[in-house]
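# A structural walkthrough
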Amino acid sequence: MPLIYLPDLRLNTRLDGPEGGPPLILIHALGLSHEIWDPLVARLPGHRILRFDLRGHGASDRPPAPYTMGSLIRDTERLADHFALKETVVIGLSIGGMIAQGLAVKRLDLVRGLVLSNTAARIGTAAGWHDRIALVREQGLEAVADATMERWLGRNWRASPAMPDLRARLLATHPEGWAGCAAAIAGTDFYETTATLRLPALAIAGAHDGSTPPDLVRETAELIPGHRFRLIRGAGHIPMAERPDDYAEAIREFLTGIGHV
Ligand SMILES: O=C(O)CCC(=O)CC(=O)O
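This section reports on the structure supplied with the text. Here the structure is a predicted model, which means the values were calculated and not measured. (Residues numbered from 1 in each chain as written. Predicted model: local features only at pLDDT ≥ 70, side-chain atom pairs only at ≥ 80, totals over all residues. Heavy atoms only, no water.)

From N to C terminus, the chain includes 11 helices and eight strands. The principal-axis extent of the C-alpha atoms belonging to the chain is close to 45 × 40 × 35 Å. Each of the 261 residues in the chain was classed as buried or not, and the buried ones make up 57%. Excluding contacts between residues fewer than 6 apart, the proportion of contacts in the chain whose partners are at least 24 apart in sequence is 76%. A total of about 10,400 Å² of accessible surface is found on the chain, and carbon and sulfur atoms cover 51% of it. When the 28 positive and 30 negative side-chain charges of the chain are each reduced to one mean point, those points stand 2 Å apart. (Helix = DSSP H or I, 4+ residues; strand = E, 2+ residues; numbered from the N terminus. Buried < 20%, exposed > 50% of the residue type's maximum accessible area, 1.4 Å probe, protein only. Contact = heavy atoms within 4.5 Å. Areas by Shrake-Rupley, 256 points an atom, 1.4 Å probe, with all protein chains shown as cover. Lys, Arg positive; Asp, Glu negative; His and termini not counted. Charge placed at Lys NZ, Arg CZ, Asp CG, Glu CD.)

Printed below as a string of structure tokens:
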């Protein structure tokens, strides 16, 4: 897996699928890594798929926190330019979906469609994020792990088959990287800019997602005229791990509908 050297940062990056396949960029959620997309990538063998670990996450460099949403958007933009991608569909999960919204506003040449998965134009409150950042800085990610699993997986999180792996991934994240990206979420409100977007968009929500509940996802989707909306039953915040077939089917249907196949 190559480390791509941007002028000031190395990002752990992976490119799958046939050269010349319709391009996709996948952006993961807070406290995870590019590997969360493995089930989706395996189900889309004809696409050229770029994914990477966000700064502070996985095997990418970890600059000191806080990070800005602008820097996360710029990282994605520079990677796409490095691989000369154009006219991509960007699929972003949670913070990844915020980055996708910002990238689409900035670079319409790069983005021809959006999948906004379990995300919103604004997630939580700045005060709530800063409280959580302070707790993680003091006590580590273990201090927020149970509450995060409950928001991600719903009331019955302890029994979810996806839980042990998701919890291990969260705890493998460095607190500094988590805090850096959490600060970027705290500082982001894309309601006005996302409302200017005119492009094909699919919003995906998980029925028992407590981090970005379906109504919140729908509210963001409704900013984009002509959007499609898909609710994944039996899933929460990380539907590609909980319901991989349903998730891939929703995305395949969208890609087919816009001729990105
Ligand atoms: O940890 C949470 O419940 C919130 C996570 C979130 O909304 C951002 C993300 O998953 O990228």
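This brings us to helix α6 (residues 163-172). Among the residues of α6, M163, L166, R167 and L170 are the ones counted as buried. Buried residues of α6, seen end-on, are gathered within an arc of 100 degrees and therefore sit on one face of the element. Of the exposed residues in α6, the ones pointing more than 90 degrees away from its buried face are P164 and A172. Its buried side turned inward, α6 meets α5 (142-153), α7 (175-186) and α10 (239-242). (Arc of directions from axis to C-beta.)

On to the site of the ligand, then. Taken together, 13 residues are adjacent to the ligand, and L30, S94, R151, S211 and H237 come closest. Here R132 contributes a side-chain N or O atom positioned 3.3 Å from an oxygen atom of the ligand. A total of 310 Å² of accessible area belongs to the ligand in isolation, and the protein chains cover 98% of it. According to the grid-proximity analysis, the pocket containing the ligand is the largest pocket. For the shell around the ligand, the secondary structure elements donating two or more residues are α4 (126-139) and α5. Here the shell around the ligand takes three residues from α5, the largest share from any one element. Taken together, the residues of the shell around the ligand break down into seven nonpolar, four polar and two charged. (Near = heavy atom within 4 Å. Polar contact = N/O pair within 3.5 Å; in protein donor to acceptor, adjacent residues only side chain to side chain. 1 Å grid on protein atoms, 1.4 Å probe; cavity = no way out; pocket = protein on both sides within 12 Å on 5 of 7 lines; lining within 4 Å. Sits in = over half its atoms within 2 Å of the grid points. Nonpolar A, V, L, I, M, F, W, Y, C, P; charged D, E, K, R; others polar.)

A word on α5. For α5, which comprises 12 residues, the first-to-last C-alpha distance of 17 Å matches the rise-based estimate of 16 Å (1.5 Å per residue) to within 8%. When we look at burial in α5, the residues that qualify are V144, A145, T148, M149, W152 and L153. For α5, the arc enclosing every buried residue in end-on projection is 145 degrees, short of the 170-degree limit, so these residues lie on one face. Where the residues of α5 are buried, they touch α4, α6 and α10. (Expected span 1.5 Å × (residues − 1).)

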